[in-house]
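Residues per chain, in single letters:
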Amino acid sequence: MNSIVCIKRVPDSETRVRIASDGLAVDRSGVKFDMNEYDKYALEEAIRRKEEAGEGLVTVLTVGGDDARETLRQALAMGADEAVLLRAETGFDGLPVAVALAEEIRDRPFDLLLFGKQAIDDDGMQVPAMVAELLGLPAATVVVSLEIEAGRAVARREVEGGHETVEFDLPGIVAAQKGLNEPRYPSLKGIMAAKKKPLEEKDVTLVEGGLELLELSGPPDRPEPQILGEGAEAVPELVRRLREEVKVL
Amino acid sequence: MADVIAYLEMRDGTPRPVAREAVSAAKTLADRLGGSVVALAFGGTGTAEAARAMAAFGADRLVVVEDDSLVAYSPDVAVAVIQHLAAELSPAAVVFPASAQGKDLSARAAGRLKRSLASEVTELAVEDGMIVVTRPVYAGKAYARLRFRDSPALLSIRPNVFPVIEHAGAGAVERPAMPDVQEKTRVGPIEQGERDRLDVREADIVVSGGRGLQGPEKWEILEHLVDALGPGATLGASRAVVDAGWRPHGEQVGQTGKVVSPSLYFAIGISGAIQHLAGMRTANVIVAVNKDAEAPIFDVANYGIVGDAFEVVPELTDAVRKLRTSDG
Ligand SMILES: Cc1cc2nc3c(=O)[nH]c(=O)nc-3n(C[C@H](O)[C@H](O)[C@H](O)COP(=O)(O)OP(=O)(O)OC[C@H]3O[C@@H](n4cnc5c(N)ncnc54)[C@H](O)[C@@H]3O)c2cc1C
Ligand SMILES: Nc1ncnc2c1ncn2[C@@H]1O[C@H](COP(=O)(O)O)[C@@H](O)[C@H]1O
């Protein structure tokens, strides 16, 4: 079972976002970065499938800056076999990234192509299904469980109020949602081994996307909070405010 | 061209609430661009009849592909029809709901058409003839204003944000034949959860509970409040209680759960961690009930009550019930 996993380096979810002075980027100073949470589920799935099959190769790919090397090393330490860094700046448009990934993947043989369901910086939920169309492959997105038998995948995906199953023949694409598995932490042995695993780097030029960033701004301010009192005694005042002041009841 | 396509998501043979929002948003765009609204739906027998109701929100043309194999979502068929329509109409935009299905299909359409997509749009404008959108990024910790350079502009709109506007359209129905495509991906019917409550993203009122409720058996008090608030209300949860297995993952609100924008959000026994706030800070009105006066949730709440949920919530439920009865 050969898998390719696309991973992204993103700011940690605890990060307080500060907008850079040009209003066009996020200030990266002092920000802690990590592998996108959903990509960890994707990678874990690839490693487990390889371990169960007893053979195969897990390749991790990323489009990012020099610092993404660290995230690739983290993936190698978890158990990926080889890594590729496509060096380029990414923005809030999924298409240029999807095109670059599809180009790199096109000539590589694989059974499963895995993604996270969403990158927690651009919150796009775009790249996996875009790559599926660019490569003409079947895909299941937002997947919480996956079974593979005799070259056929049966995935369960999350939808509002329930689930649906998605079936397709390999090779195909799965975008992982939380719940798919419990990702491992890199072991000390894994971290040592990662240093000797191949990490290829190349510069790529992204195609120009159709979206132009005009401005990045902070979220709108919330109104001044009002504490209405303590315990059940404050309930009548709350109901009155909800009804008369903001008219939501 | 200036036409705008709106994707009608169907469930159980009828358009979902997000379909009205998509048609209304498409209508607003089409009016500014001087084009008409083409609504697109897929489903089994009777879909065209059900979709016709969307004319009341501005649909001028309804393109409906009816086939018994389309009762469940078929991404391969849907994307083929969108590709065909895009070639025929050269639309200015295609509006999808940012629902599970809408996000899957919009990204496929973007890959097929090689056009960029703006996800989870919360504001739409036309400036100098170009479509400009605002969308949250970093889980709502920042907002990006983006301009489409070329057409069609592909976008998914966040549920519960765009108003539903009644606006009669011509509502002419066309039924193209099933396109001849080989289905690579086969999607089965939706298995609904055991309790048929609204999804947190689509409810008008969300009552969320956190670890402060002490155990899954205590959720009764929140269920009573939801019932008292009426059919537009639903239950939500913090990640702490989802991880503990007290509540299903589908209810989780926050950065790694769902982002909600209801008109009223109750945070009961929730501390207000940054990842939780990311999922609910765009609610219109936030009410927090927490024992700890220092809990960060009070910083974003419009109204707060410092107190024990087990005293406050039943009292609140009673008061809401009385209000509803006196309203008749
Ligand atoms: C990568 C990552 C992603 C995350 N994503 C999310 C996410 O999507 N959504 C999310 O919610 N969290 C998320 N978290 C977790 C988040 O950091 C918090 O741990 C979580 O939100 C805490 O849940 P809580 O408020 O229910 O519990 P706690 O923080 O334990 O708060 C419980 C609160 O209940 C109050 N309380 C106790 N008893 C009572 C009572 N009787 N009556 C009233 N109040 C009472 C307490 O004062 C306290 O404020 C994420 C964390 C990480 C690291
Ligand atoms: N720059 C990138 N490099 C590699 N994979 C990416 C990149 N951006 C997104 N992805 C993959 O696509 C998934 C969805 O991302 P997005 O569509 O940006 O929300 C992520 O979880 C990754 O698996």
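Residues numbered from 1 in each chain as written. Chains lettered and ligands numbered in written order. Predicted model: local features only at pLDDT ≥ 70, side-chain atom pairs only at ≥ 80, totals over all residues. Heavy atoms only, no water.

Participant: Which parts of the structure should I look at to understand the interface of chain A and chain B?
Facilitator: Interface size is commonly expressed as the accessible surface area that is lost when the partners come together. Between chain A and chain B, the residue contacts involve 79 residues of the former and 85 residues of the latter. Of the roughly 7,400 Å² buried between chain A and chain B, counting both surfaces, carbon and sulfur atoms make up 54%. On the chain A side of the contact with chain B, Glu133(A), Glu160(A) and Arg222(A) bury the most area, a combined 12% of that side's loss. The partner of Asp243(B) in a salt bridge is Lys178(A), with the nearest N and O atoms 2.6 Å apart. (Contact = heavy atoms within 4.5 Å. Buried area = accessible area lost by both parts, 1.4 Å probe. Salt bridge = Lys/Arg side-chain N within 4 Å of Asp/Glu carboxyl O.)

Participant: Would you explain helix α6 (residues 235-245) of chain A in this entry?
Facilitator: Owing to its 3.6 residues per turn, the α-helix brings residues three or four apart onto one side. Residue and element names in this part refer to chain A. Turning to α6, its buried residues number three or more, namely Val235, Leu238, Val239, Arg241 and Leu242. One side of α6 carries all its buried residues, which in axial view fall inside an arc of 160 degrees. Backbone geometry just downstream of α6 places Lys247 in the positive-phi region, at approximately 50 degrees. (Buried < 20%, exposed > 50% of the residue type's maximum accessible area, 1.4 Å probe, protein only. Helix = DSSP H or I, 4+ residues; strand = E, 2+ residues; numbered from the N terminus. Arc of directions from axis to C-beta.)

Participant: For this particular structure, what's the right way to read unusual backbone geometry?
Facilitator: With the exception of glycine, most residues fall at negative phi, and the peptide bonds are largely trans. Across the junction of Leu170(A) and Pro171(A), the peptide omega takes the value 0 degrees, indicating a cis bond. Tracing the chain through its elements places Pro171(A) in the loop between β9 (162-169) and β10 (172-176). For the bond running from Ser151(B) to Pro152(B), omega is -5 degrees, close enough to zero to count as cis. Along the polypeptide, Pro152(B) turns up in the loop between β10 (142-148) and β11 (153-157). Within the chain, Tyr138(B) stands out as a residue other than glycine whose phi angle is a positive 50 degrees. Residue placement: Tyr138(B) occurs in the loop between β9 (130-137) and β10. For Tyr138(B), a relative accessible area of 13% gives the class buried.

Participant: Hey, could you run me through the sheet that holds strand β8 (residues 123-127) of chain B in this one?
Facilitator: Where strands meet in a sheet, backbone hydrogen bonds hold them as pairs that are either parallel or antiparallel. Ordered in space as β12(A)-β10(B)-β9(B)-β8(B), the four strands form an open sheet in which the pairing is antiparallel. Edge positions in the sheet fall to β12 (211-217) of chain A together with β8 of chain B, since each of these pairs with one other strand and no more. Each strand axis lies, on average, 25 degrees off the axis of its neighbour in the sheet, ignoring direction. One ladder, built from six bridges, connects β9(B) with β10(B); its direction is antiparallel. Residue pairing across strands places Val137(B) opposite Ala142(B), the latter belonging to β10(B). Along the sheet face, helix α1 (residues 17-33) of chain B touches β8 and β9 of chain B and points at about 10 degrees away from the line of β8(B). (Pairing = 2+ DSSP bridges. Axes fitted to C-alpha atoms, helices over the stretch in contact; angles between N-to-C directions.)

Participant: So what exactly am I meant to see when it comes to the environment of Gly35(B) here?
Facilitator: Residue and element names in this part refer to chain B. Position of Gly35 relative to the elements: it lies in the loop between α1 and β4 (37-43). Classification of Gly35 by relative accessible area gives partly exposed; the value is 21%. A sequence separation of 25 residues divides Gly35 from Asp60, and the C-alpha atoms of the two residues are 9.9 Å apart. In contact with Gly35, other than residues within four places in its own chain, are Ala2, Asp3 and Ala30.

Participant: How should the site of ligand 1 be read in this particular structure?
Facilitator: Surveying the vicinity of ligand 1 reveals 28 residues, the closest of which are Ser238(B), Thr256(B), Ser271(B), Gln275(B) and Asn290(B). Surrounding ligand 1 are residues belonging to chains A and B, so the site spans chains. Contact between ligand 1 and Gly212(B): a nitrogen atom at 3.4 Å from a main-chain N or O atom of the residue. Note that a nitrogen atom of ligand 1 is positioned 3.2 Å from one of the backbone N or O atoms of Lys291(B). (Near = heavy atom within 4 Å. Polar contact = N/O pair within 3.5 Å; in protein donor to acceptor, adjacent residues only side chain to side chain.)

Participant: Looking at this structure, how should I read the side chain of Arg135(B)?
Facilitator: When you line up the elements, Arg135(B) lands in strand β9. Polar side-chain contacts of Arg135(B) include one of 2.6 Å to the backbone oxygen of Asp122(A). Only 3.1 Å separates the side chain of Arg135(B) from the backbone oxygen of Asp123(A), close enough to count as a polar contact.

Participant: Hey, could you run me through the environment of Leu154(B) in this one?
Facilitator: All names here are of chain B. Summarising the element assignment, Leu154 is placed in strand β11. Residue classification places Leu154 among the buried positions, given a relative accessible area of 0%. Taking the C-alpha atoms as reference points, Leu154 and Ser116, 38 residues apart in sequence, are found 6.4 Å from one another. Beyond its immediate stretch of four places on either side in the chain, Leu154 contacts Val94, Ala109, Ala110, Leu113, Arg115, Ser116, Leu117, Ala118 and Phe148.

Participant: Is there a simple way to explain the packing of α6(A) against helix α9 (residues 309-327) of chain B in this structure?
Facilitator: In helix packing, the relevant descriptors are the interaxial angle and the interaxial distance, both defined with respect to the helix axes. Where α6(A) meets α9(B), the axes come as close as 9 Å, and the angle between the chain directions of the two elements is 45 degrees. Looking at the two axes, α6(A) sits oblique to α9(B). Two packed elements cross with a definite hand, and for α6(A) against α9(B) that hand is right-handed. When α6(A) is examined against α9(B), the residues Val235(A), Leu238(A), Val239(A) and Arg243(A) are found in contact with a partner set consisting of Val312(B), Glu315(B), Leu316(B), Ala319(B), Leu323(B) and Asp327(B). Counted by class, the contact of α6(A) with α9(B) contains seven nonpolar, no polar and three charged residues. (Parallel < 35°, antiparallel > 145°, perpendicular 65-115°, else oblique. Left-handed = near helix turned anticlockwise from the far one by under 90°. Nonpolar A, V, L, I, M, F, W, Y, C, P; charged D, E, K, R; others polar.)

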